[in-house]
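Each chain, written out:
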Amino acid sequence: MGVGIEVTNLNAWYGANHTLQDINLPIPANHATALIGPSGCGKSTFVRCLNRMHETNPIAKVTGSVRVGEIDIYADSSPVEIRRRIGMVFQRPNPFPTMSIYDNVASGLKLNGYSNRKALDEIVERSLRDAALWDEVKDDLRKKSGASLSGGQQQRMCIARALAVDPEVLLMDEPASALDPVSTSKIEDLIFQLKTQYTIVIVTHNMQQAARVAEKTGFFLNGRMVEFDSTHKIFTNPSDKRTEDYITGRFG
Amino acid sequence: MKQNQSKARKRLRASTDIAVTVLAVIATVIVVAPLIAIFVYLIYMGASSLNLAFFIHGPKPIGEDGGGMANSIVGSAMILGIASCIGVPIGIGGGVYLAEFGRGTRIANAIRFTADVLNGVPSIVMGVAVYALVVVPTGTFSAFAGGVALGIMMIPTITRTSEEMLLMVPNAVREAALGLGVPNWRSVLSITIKTASPGIITGCMLAFARVAGETAPLIFTALGNENWSLDPHRPIDALPLRIYNYAGSAYVELNRLAWAGALVLIVLIVLAVSLVRYVTSRGILKGAS
């Protein structure tokens, strides 16, 4: 089951560049929350702060608090622990090129020392089914490299890989932006199903996509969060002028 | 008028294309020709002296038939084995540090500079240095000393190629592992190094092939030995040393054996490199790029 996320006074820097300024945001459990905004507005940085990926860059810095369920991830947890609870799907599919499909999906568990074969088989199947990829790959799970799949299949495999470690939250950083329309709609269907079990945060450039999959939407601009409300309200009756300008295509 | 011009251009483009292709082919031929020439010449000069005795006997007194280089072949294998045990782990370890942990730090820059300088140190200097560091303290020339000299020579090549290959692994792959909650050290060992392994293995093979033919560093370390020896603490023979001794000999039969030895040395290097490539390429999956 997913848990909610409470972000308080979050600030982030890349070197001297203050990329996120005073973000406050309650992300509800077991719902999809979309983050929209023009390129460079800080939405990717924001999701990377939610699983402490931001700090893997040596010049990056973060202040503020992020509570996931009962835990303040910056105060009470190590980055490695928190990333097991918060899965991430990246903009470009990033399979492990030397591994088979099976090993790719099982990698999160295997690399953390989990080796019960029978349980792994079950988890891999369940994750691939959840990611709507099972039927397409079940015959050559161990024969084919993960990198030999098509882009859309690779991305669903990466989603399965993230699901296999049984996270509570799934962060998706523009998961469909490198994919064709058919694959994109498959991913969206998937998000629709997954959000009953996981808390999903999805960054997207595509406003229709946000409208289709998310209950809540946040609008980012220049490192600040301008508005956060129900998706319906954001797209039909935003309270901020800048949100309205953005969703009606006047800039960005 | 305009059409004529574009036709002339088209012809120019086509002929430039042909010219560049021809130049590339010529360059390739120039690169490959010496290798083929050397190989053919070695076969011509050395093949006639190759027989079973060559591979099962050691050197015999002058005038006696049936002398071979079995002890040198075994000695070379031993020295190279010791060298690889030293050079490969240290070399790869250094490359991993430079690419994964020390990126952009002063220490890393210093290590990189040192490796490049070490790469340029003449091999005879390496022999003298190891003579002072190993042979003098232990009081004897030995297979071990020879292995140390060649092992040190392998390190810079392996370190630098490993670093380059690891840097070619896309950051997205590292992030994928970290994003799954895999600790950094585990991600480096199981993901990054594995992804870069074909290139790293090529680097190791390159270093191996390079030192396999080295003579100078062995003169002061392994020394050479007319007799059988399998003791790493005793002087030992090596193919390049034997070739060096025989090639300068006044006896024609020894000169011929030197040619045969050179041929065997090259063939063995090619075999060793191919074998490692074959073994490591198995298990790589279909469709992996």
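Residues numbered from 1 in each chain as written. Chains lettered and ligands numbered in written order. Predicted model: local features only at pLDDT ≥ 70, side-chain atom pairs only at ≥ 80, totals over all residues.

### Some details on the overall build of chain B
A tally of regular secondary structure across chain B gives 11 helices and 0 strands. A compact globule built from 289 residues would reach a C-alpha radius of gyration of about 19 Å, whereas chain B, at 24 Å, exceeds it by more than 25%. Seen along its three principal axes, the alpha-carbon backbone of chain B occupies a region of about 80 × 60 × 35 Å. In chain B, which comprises 289 residues, the proportion classed as buried is 39%. In chain B, the proportion of contacts linking residues at least 24 apart, taken out of those at least 6 apart, comes to 74%. (Helix = DSSP H or I, 4+ residues; strand = E, 2+ residues; numbered from the N terminus. Rg over C-alpha atoms; globule rule 2.2 N^0.38 Å. Buried ≥ 20, exposed ≤ 12 C-beta atoms within 10 Å, placed from the backbone. Contact = placed C-beta atoms within 7 Å.)

### Some details on the interface of chain A and chain B
Each side of the interface is counted separately: chain A has 26 residues, and chain B has 21 residues. Taken together, the elements giving at least two residues each to the side of chain A that touches chain B come down to helix 2 (79–85) and helix 3 (101–110) of chain A. Examining the composition of the side of chain A that touches chain B, we find that 4 residues originate from one element, helix 2 of chain A, more than from any other.

### Examining the confidence of the model for chain B
All names here are of chain B. For chain B, mean pLDDT is 91; residues scoring 70 or higher make up 96% of the total. pLDDT under 50 marks residues 285–289. Its contacts with residues more than four places away, or in other chains, come to 18 contacts. Scored as a complex, the prediction yields pTM 0.86 and ipTM 0.89. (pLDDT = per-residue confidence, 0-100.)

### Some details on unusual backbone geometry
Residues and elements named next belong to chain A. Residue Asn9 is not a glycine yet carries a positive backbone phi of 45 degrees. With respect to the helices and strands, the residue Asn9 is situated in strand 1 (residues 5–14). Taking the number of C-beta atoms within 10 Å as the measure of exposure, Asn9 has 11 and is therefore exposed. A positive phi angle, close to 45 degrees, is found at Asp22, a residue other than glycine. For Asp22, the location among the structural elements is in strand 2 (residues 17–27). When the 13 C-beta atoms within 10 Å are taken as the criterion, Asp22 is described as partly exposed.

### Let's talk about the sheet that holds strand 10 (residues 224–230) of chain A
Residues and elements named next belong to chain A. Read from one edge of the open sheet, 6 strands run 6-7-8-3-9-10, paired in mixed fashion. Each having just a single partner strand, strand 6 (86–89) and strand 10 make up the two edges of the open sheet. On average, adjacent strands in this sheet sit at an angle of 15 degrees to one another, irrespective of strand direction. In this structure, strand 3 (residues 32–36) lies alongside strand 8 (residues 199–203), joined through 4 bridges in parallel fashion. (Pairing = 2+ DSSP bridges. Axes fitted to C-alpha atoms, helices over the stretch in contact; angles between N-to-C directions.)

### Quick notes on the domain arrangement of chain B
Residue and element names in this part refer to chain B. Domain boundaries in chain B define domain 1 (2–49) and domain 2 (56–281). Between the C-alpha centres of domain 1 and domain 2 the distance comes to 33 Å. Facing the 7 residues of domain 1 at the interface are 7 residues of domain 2. (Domains from an automatic or database assignment.)

### Considerations on the environment of Leu23 of chain B
Residue and element names in this part refer to chain B. Relative to the helices and strands, Leu23 is located in helix 1 (residues 2–46). Given 10 C-beta atoms within 10 Å, Leu23 falls into the exposed group. Separated by 155 residues in the primary sequence, Leu23 and Leu178 place their C-alpha atoms 47 Å from one another.

### Section: the pairing of strand 4 (residues 60–68) of chain A
In regular strands, side chains alternate between the two faces of the sheet. As paired elements, strand 1 of chain A and strand 4 of chain A share 8 bridges and run antiparallel to each other. Among the inter-strand pairings, Trp13 of chain A is bridged to a residue of strand 4 of chain A, identified as Lys61 of chain A.

### Quick word on the packing of helix 4 (residues 106–120) of chain B against helix 6 (residues 143–167) of chain B
All names here are of chain B. At a minimum axis distance of 8 Å, the contact between helix 4 and helix 6 shows a crossing angle of 135 degrees. Judged by the angle between their axes, helix 4 and helix 6 are oblique. For the crossing formed where helix 4 meets helix 6, the hand is left-handed. Contacts between helix 4 and helix 6 involve Ala115, Asp116, Leu118 and Asn119 on the former and, on the latter, Ile155, Pro156, Thr157, Thr159 and Arg160. Of the residues assigned to the contact of helix 4 with helix 6, the class counts are 4 nonpolar, 3 polar and 2 charged. (Parallel < 35°, antiparallel > 145°, perpendicular 65-115°, else oblique. Left-handed = near helix turned anticlockwise from the far one by under 90°. Nonpolar A, V, L, I, M, F, W, Y, C, P; charged D, E, K, R; others polar.)

### Focus on the pairing of strand 1 of chain A
Residues and elements named next belong to chain A. Summarising the sheet, strand 1 and strand 2 pair through 7 bridges and their orientation is antiparallel. Each bridged residue has a counterpart across the sheet, and for Leu10 the counterpart in strand 2 is Ile23. Two successive antiparallel strands, strand 1 and strand 2, enclose a turn made up of 2 residues, where Gly15 displays a positive phi of approximately 60 degrees.

### Some points on the packing of helix 6 (residues 151–164) of chain A against helix 7 (residues 181–194) of chain A
All names here are of chain A. Between helix 6 and helix 7, whose axes approach to 9 Å, the crossing angle comes to 20 degrees. Looking at the two axes, helix 6 sits roughly parallel to helix 7. Classified by chirality, the crossing of helix 7 by helix 6 is right-handed. Here helix 6 contributes Gly151, Gly152, Gln155, Arg156 and Ile159 to the contact with helix 7, which in turn contributes Ser183, Lys186, Ile187 and Leu190. Among the residues making up the contact of helix 6 with helix 7, the classes are represented as 3 nonpolar, 4 polar and 2 charged.

### What to know about helix 7 (residues 171–179) of chain B
Within helix 7 of chain B, the full set of buried residues consists of Val173, Arg174, Ala176, Ala177, Leu178 and Gly179 of chain B. In this fold, the buried residues of helix 7 of chain B make contact with helix 2 and strand 6 of chain A together with helix 8 (184–212) of chain B. Among the residues trailing helix 7 of chain B, Gly181 of chain B stands out with phi positive, at a value near 80 degrees.

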